[in-house]
Amino acid sequence: MIDLVCLGKAFDLQKEIVAKITGIEDSRVVNCKSLNGDLVFLQSDTSINPDLANQKVVVGQKFLDQLYLGDVLLLKPNGFVRILFRVKSNHNSLFVTEMCNSNCLMCSQPPKNADDIDYHYTINEQLINLIPKSTKFLGITGGEPLLLESKFVKLLDDCQNLLPETHIHVLTNGRYFAWPKFVELFNGIDKERIVFGIPLYSDFDENHDFIVQAKNAFNQTILGLHNLGRNEFRIEIRCVLHKLTFERLPRLAEYIYSNLPFVEHIAFMGLEYTGYTPYNSKLLWIEPHAYSTELEQSVLFLNSVGINVSIYNIPLCLLTPSTRKFARNSISDWKKEYLEECIGCSHLNDCGGVFGTSKIQSAYIKAIID
Amino acid sequence: MENIRNKRNRKFRTREYYGNSASDYHLLPFRFIELSESKEILVNEVGESLIVPRGTALKIAQRCIAENDPIIPDLISRFFISRKPIPELIDVLATRYRTKKSFLDSFTSLHIFVLTLRCNHSCHYCQVSRVTENREDFDISYNDIDLGIDHMFKSPSKKLTIEFQGGEPLLAFDKLEYAIERITRLNKDFKKELSFVVCTNATVFNTKNLQFLKEHNVLISTSLDGPEFLHDANRPKTGRNSYQLVLNGINYARKMVGHDQVSALMTTTRLSLDYPIEIIDNYLENGFNNIFLRPISPYGFALKNKTKNIYDDKKFLEFYKKGLDHIIKINQRGRYFVEDYTAILLKKILTPFCTNYVDLQSPSGIINNVVVFNYDGRVYASDESRMLAERNDLTFLLGHVSDSYESIFYGKKSKELSKYWSNESLAGCSDCAFQSYCGADPVYHYASQGDFEGFRPTSGFCLKNMGIIKHLFELMDFRKEEVMPIFISWISN
Ligand code: SF4
Ligand code: SF4
């Protein structure tokens, strides 16, 4: 795992700054520059280097050895530094809000209620100006990004204009798209370069509504998917696997094929044991091994009717042999880990590993020998 | 719909809070039929089906389904019942209905040109052909080809299939050449997606005609009835071995135009009924990946030859079931081999899409999907219609190719026929569970029962389709694990 945040001590930093790394002097000093020219130095040492006495400096930054030229950071006056964008990573995202209109039982980043839209918007508008034009992939995530409403469309538009080669992947619950008028706002967007990743947890409305803790969410999401499909937007459906979703999984697969055959990809995702999940563990936790039959049935069905299907976040040893080829190396590099059990595993190179952030791991993880 | 802005309260609520009681529900349109002593099948308006315990339909209608009955999620998610009188997902249902009927969007796509009645064979069940040398009387004229093509390009369909039939169409190769070249030339402007098919007995190939068929990507469809003894009995050709001739033709064509460009159709005669396995194995041996187990049609000359060809429709069902079972075994052994009629029905049952098979549509395929330009310039509603005409029954004559497009396609005859071409409004079909998988066939019912509407209890069309569809449901229920992977592999391309 890689740490994305670090608390140090800041000198002469009056306000928050979004800055791109412009120089790596040695493993102990790094400098970065914001859009309007502010220069900030980062030091691993805890005491300020005399050469930098008159500069903006943050000391005590332990992760300097992980930074590369072009990475973008958020620096706060209290000495808190967050890596917003890593040039060496394929998993960069714009984080747009912590608010959400759902409250999923297994949310890995539980939402907050304070209105932070403008705060993140300002950061992101700077960020997209600082990241390389050659960026291939950029995610947009929250919270629920669609809560930004027209600001979200503006942000997308700016992304597409500033980053003409970038593919954008938005993680949203899609409920807002139930209103055709809202979908119309996106008409100016380049549909080829954007995919909406939308979670669907059941074919039965009550199950889905219970899981996302919002009444009528199922109907809104389905209508949203339908409206997006009608307007030829690219769609990915995501389903997190746990005790409340696995039983009807084959039904869900059929439901998607029958009602939403236009989706271009379906991802079944292992549960990350973090955020709300430990709190709702009794409701949610099940050994991946225990749902492998339902998963296999669903994956093979979708694959055979010609819909792209992937399995995310489940190590190969927990899958049946026939479903292993659908597993993707999906865990973000900074969260990924392998365990002691993996030593000697013949699939180590293909396996996506486990969440370093999960507080418990499956008891069935075991090196595959063949 | 309620406001969906940011949540304020993040306390988790129980399952019950999100569970609407289901005792208060509304029915969506669906029909049902018994499957076995203990089970019945429910099918809704868009072809979504559920196999449930006997008596479920009654319980649903009487609102006697217990609130915790595990069937409730299925009934709701598959659009059999709804919590509101008009389901909130009505738009989704509407799209599905439109998709199922989308074969109508494009109107006529299959255009059959009967180039000649002349043939070098004399099959005893053949409805139309003549063995004659008189070209003038039995070949289509260039002028009529032109007029037919002009009508064809008026079709709103983006895809056009042009099928050449006979007699033996390759005996009128000059006409075939002419038609294909003219269509290809005109299509530079029309830009339709074209497919050409020629239905031939495969005995008159030569380098010249095969070279031409290859150049224009023409699919070759020929007839193969099964093993030698059967094929020869069905298709006598004086003094020669018909089976060998066809096989030589098939192999020759495969070599010249490519293996996949050559397909074969079989016709089931009374003699064939005892040999489903042998017929299928013969197709396998000859390198085909599919077979269409189809009954002989009750039309034209076939009716005259009663003793030989009119057999109990039930016998055909047995033949089909035995054959399908054998084909399933073949697939289980790892060889991909499809029964075409089954695949068409499975697409209707298991996918949200429509099929383009003209004989199983409602509204029926006649006129809506297919039209026939006969050798004599007459225009018929379907291939079967012109077979009737060869027995001097002009009931399905739509007009002459020199008539206007409107009078042919929207004329009095079409209007009259349209009253009987939707099974939604036919007695027997209107409340049949299999309505959305089945079709309406006024031509068949006219030919076999004397009127367009037909009488379902004794209709061979109904007996066959009801029997086959039910059989498929039986297989998908009782032998689910075994057959589903195979069936799904058949629908996915
Ligand atoms: S043992 Fe480790 S490397 Fe091997 S499949 Fe399991 S999690 Fe992956
Ligand atoms: S023909 Fe028979 S099986 Fe087909 S819809 Fe009508 S009643 Fe049903």
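Look up a bit, the structure's there.
By convention here, each chain's residues receive numbers from 1 onward along its written sequence. Chain letters start at A and ligand numbers start at 1, both assigned in the order the entries are written. In keeping with the predicted nature of the model, local features appear solely for residues at pLDDT of at least 70, side-chain atom pairs appear and are counted solely at 80 or more, and the whole-chain, interface and lining totals rest on all residues. Excluding hydrogens and water, the side-chain values take into account all heavy atoms of the structure.

S.K.: Whenever I open this one, the overall build of chain B confuses me. Can you help?
M.R.: The number of helices and strands found in chain B is 21 helices and 15 strands. Each radius of gyration reported is based on C-alpha atoms, and the globular scaling rule is 2.2 Å times the count of residues to the power 0.38. The C-alpha atoms of chain B give a radius of gyration of 25 Å, which matches the 23 Å a tight globule of 493 residues would have. Projected onto its principal axes, the C-alpha positions of chain B cover 85 × 50 × 45 Å. Only protein chains enter the accessibility calculation, which uses a 1.4 Å probe; a residue is then buried when its area is under 20% of its type maximum, exposed when over 50%, and partly exposed in between. Relative to its 493 residues, chain B shows a buried fraction of 57%. Using the Shrake-Rupley algorithm and a 1.4 Å probe, accessible areas are obtained, with residue cover drawn only from the displayed protein chains. Accessible area for chain B stands at about 21,200 Å²; split by element, carbon and sulfur atoms hold 51% of it. In chain B, the 64 positive side-chain charges and the 61 negative ones have mean positions that sit 4 Å from each other. Helix and strand definitions here come from DSSP, where helices need a minimum of 4 consecutive H or I residues and strands a minimum of 2 consecutive E residues; each element is numbered from the N-terminal end. Residues counted as positive are Lys and Arg, residues counted as negative are Asp and Glu, and His and the chain ends are not counted. The location of each charge is read from NZ of Lys, CZ of Arg, CG of Asp or CD of Glu.

S.K.: I would appreciate a short explanation of unusual backbone geometry in the present structure.
M.R.: The bulk of non-glycine residues show a negative phi, and the bulk of peptide bonds are trans. With an omega of 25°, the peptide bond between B:Gly166 and B:Gly167 qualifies as cis. Topologically, B:Gly167 is positioned in the loop between strand E7 (159-165) and helix H7 (173-190). The omega torsion of the bond from B:Ser362 to B:Pro363 falls at -5°, within 30 degrees of zero and hence cis. Note that B:Pro363 resides in the loop between helix H15 (340-350) and strand E13 (370-373). Despite not being glycine, A:Glu149 shows a phi value in the positive range, around 50°. Within the secondary structure, A:Glu149 is located in the loop between strand E10 (137-141) and helix H2 (150-162).

S.K.: For this particular structure, what's the right way to read the pairing of E13(B)?
M.R.: Every other side chain in a regular strand lies on the same face of the sheet, so the side chains alternate between the two faces. All names here are of chain B. Neither face of E13 is open: one carries Val 370 and Val 372, the other Val 371 and Phe 373, and all of them are buried. Sheet topology note: the strand E6 (residues 110-114)/E13 ladder contains four bridges and is parallel. Bridge pairing in E13 places His 111 opposite Val 371. In this structure, E13 lies alongside strand E14 (residues 378-380), joined through two bridges in antiparallel fashion. Bridge pairing in E14 places Phe 373 opposite Val 379. Pairing between strands requires that DSSP locate at least two bridges from one strand to the other. Turn length for the E13-E14 hairpin, with the two strands adjacent in sequence and antiparallel, is four residues, and the turn residue Gly 377 shows positive phi of about 90°.

S.K.: Would you explain the pattern of salt bridges in this entry?
M.R.: Pairing of side chains with opposite charge becomes possible as their charged atoms draw close. Any Lys or Arg side-chain nitrogen located within 4 Å of an Asp or Glu carboxyl oxygen qualifies as a salt bridge. Taken as a whole and judged by the stated rule, the model has 34 salt bridges over all chains. Note that B:Asp74 and A:Arg248 form a salt bridge whose closest N and O atoms lie 2.7 Å from each other. In this pair, B:Asp74 sits in helix H3 (residues 71-77) while A:Arg248 sits in the loop between strand E13 (234-240) and helix H6 (249-259), so the two residues belong to two different chains. Here A:Arg248 falls in the buried class, since its relative accessible area comes to 16%. Notably, a salt bridge pairs B:Arg182 with B:Asp150, separated by 3.2 Å at the nearest N-O pair. Of the two residues, B:Arg182 is situated in helix H7 and B:Asp150 in helix H6 (residues 142-152); the sequence distance between them amounts to 32 residues. Through salt bridges with shared partners, a single ionic network connects A:Asp203, A:Arg248, A:Arg251, A:Glu254, B:Glu48, B:Asp74, B:Arg78 and B:Arg96.

S.K.: In this structure, what is going on with the state of the cysteines? I would like to understand it.
M.R.: Disulfides are covalent bonds that connect the sulfur atoms of two cysteines. All names here are of chain A. Disulfide: a pair of cysteine sulfur atoms within 2.5 Å of each other. Counted under the stated rule, the structure contains zero disulfides over all chains. Just so you know, Cys 239 is unpaired, no disulfide at all, and the nearest cysteine sulfur is the one on Cys 104, 11 Å from it. What makes Cys 239 buried here is its relative accessible area of 1%.

S.K.: Can you walk me through the site of ligand 1 in this structure?
M.R.: If you check the shell around ligand 1, you find A:Pro315, A:Leu316, A:Cys317, A:Tyr338, A:Cys342, A:Cys345, A:Leu348, A:Cys351, A:Ile365, A:Lys366, A:Ala367 and A:Ile368 and nothing else. The nonpolar class holds Ala, Val, Leu, Ile, Met, Phe, Trp, Tyr, Cys and Pro. Asp, Glu, Lys and Arg form the charged class, and all remaining residues, Gly among them, are polar. Counted by class, the shell around ligand 1 contains eleven nonpolar, no polar and one charged residues. Proximity is defined per residue: any heavy atom of the residue falling within 4 Å of a molecule or strand makes that residue near it.

S.K.: Would you take a moment to explain the sheet that holds strand E10 (residues 262-265) of chain B for this structure?
M.R.: Consider a sheet: its strands pair through backbone hydrogen bonds, and that pairing is either parallel or antiparallel. Residue and element names in this part refer to chain B. Overall, mixed pairing links the eight strands, which are arranged E10-E9-E8-E7-E6-E13-E14-E15 in an open sheet. Of all strands in the sheet, those bounded by a partner on one side alone are E10 and strand E15 (397-400). Shown here is a sheet whose adjacent strand axes are inclined to one another by a mean of 25°, direction ignored. Sheet topology note: the E6/E7 ladder contains five bridges and is parallel. Bridged to His 111 within E7 is Ile 162. Two residues form a contact once any of their heavy atoms are found within 4.5 Å. A fitted line through C-alpha atoms serves as each axis, taken over the contacting stretch for helices, and the angle formed by two N-to-C directions is quoted from 0 to 180°. Along the sheet, H7 makes contact with E7, strand E8 (193-200) and strand E9 (218-223), crossing E8 at roughly 175°. Here helix H10 (residues 242-257) sits on the sheet and contacts E9 and E10; the angle it forms with E9, its principal contact strand, is near 165°.

S.K.: Looking at this model, I keep getting lost on the site of ligand 2. Mind explaining?
M.R.: Residues in contact with ligand 2, as listed here, are B:Asn423, B:Gly428, B:Cys429, B:Cys432, B:Gln435, B:Cys438, B:Arg456, B:Phe461, B:Cys462 and B:Met466. For the shell around ligand 2, the residue count by class is six nonpolar, three polar and one charged.

S.K.: Teacher, can you tell me more about the interface of chain A and chain B here?
M.R.: Interface size is often expressed as the accessible area that is lost when the parts come together. Opposite the 47 residues of chain A that make contact, chain B presents 40 residues. Note: buried area is the sum, over both parts, of the accessible area (probe 1.4 Å) each one loses when the two are combined. Between chain A and chain B lies a buried interface of about 4,100 Å² when both sides are counted; carbon and sulfur atoms form 53% of it. The largest per-residue losses of area from chain A upon contact with chain B belong to A:Asn113, A:Glu206 and A:Lys215, which jointly make up 15% of the total buried on that side. Applying the counting rule to chain A against chain B returns six salt bridges.

S.K.: Where do I start with helix H8 (residues 207-215) of chain B in this structure?
M.R.: Helical periodicity: at 3.6 residues per turn, an α-helix aligns residues three or four positions apart in one direction. All names here are of chain B. Of all the positions in H8, only Asn 209, Leu 210, Phe 212 and Leu 213 are classed as buried. Looking down the long axis of H8, one finds its buried residues gathered within 160° of arc, a one-sided arrangement. Exposed side of H8, more than 90 degrees from the buried face: Lys 208 and Glu 215 are the residues found there. Here the buried face of H8 lies against H7, E8, E9 and H10. A 3.5 Å cut-off defines polar contacts: any pair of N or O atoms within that distance qualifies, except that in protein one atom must be a possible hydrogen donor and the other a possible acceptor, and neighbouring residues in sequence count only when both atoms are side-chain atoms. Measuring from the side-chain oxygen of the N-cap residue of H8 to the backbone nitrogen of Lys 208 gives 3.1 Å; that N-cap residue is Asn 206. Among the residues trailing H8, Asn 217 stands out with phi positive, at a value near 55°. An arc is given here, and it is the one of the directions from the helix axis to the C-beta atoms.

S.K.: Any chance you could explain the environment of A:Ile194 here in plain terms?
M.R.: Along the chain, A:Ile194 falls in strand E12 (residues 194-199). Sequence separation between A:Ile194 and A:Ile235 is 41 residues, and the spatial gap between their C-alpha atoms is 8.7 Å.

S.K.: I tried to follow the packing of H15(B) against helix H21 (residues 480-491) of chain B on my own but got confused; where do I start?
M.R.: Relative placement of two packed helices is described by the angle separating their axes and the distance separating the axes. All names here are of chain B. Put simply, H15 and H21 touch, their axes get as near as 9 Å, and they point 95° apart. In terms of orientation, H15 lies roughly perpendicular with respect to H21. From H15, Thr 342, Ala 343, Leu 346, Lys 347 and Leu 350 reach across to H21, where they touch Met 484, Phe 487, Trp 490 and Ile 491. Residue classes in the contact of H15 with H21 are distributed as seven nonpolar, one polar and one charged. By definition in this entry, angles of less than 35 degrees are roughly parallel, angles greater than 145 are roughly antiparallel, angles of 65 to 115 are roughly perpendicular, and the rest are oblique.

S.K.: Help me out: how do you make sense of the sheet that holds strand E2 (residues 9-11) of chain A in this one?
M.R.: All names here are of chain A. Read across the sheet, eight strands follow the order E1-E8-E7-E3-E4-E5-E6-E2 without closing on themselves; strand pairing throughout is mixed. Both edges of this open sheet fall to strand E1 (5-7) and E2, since each of them pairs with a single strand only. The average undirected angle you get between the axes of adjacent strands in this sheet is 30°. Of the pairings in the sheet, the one linking strand E4 (residues 29-34) to strand E5 (residues 39-43) comprises five bridges and is antiparallel in character. Counterpart to Asn 31 in the pairing with E5 is Phe 41. On the sheet, helix H1 (residues 117-130) packs against strand E3 (17-26), strand E7 (72-75) and strand E8 (80-85) and is oriented at approximately 45° with respect to E3.

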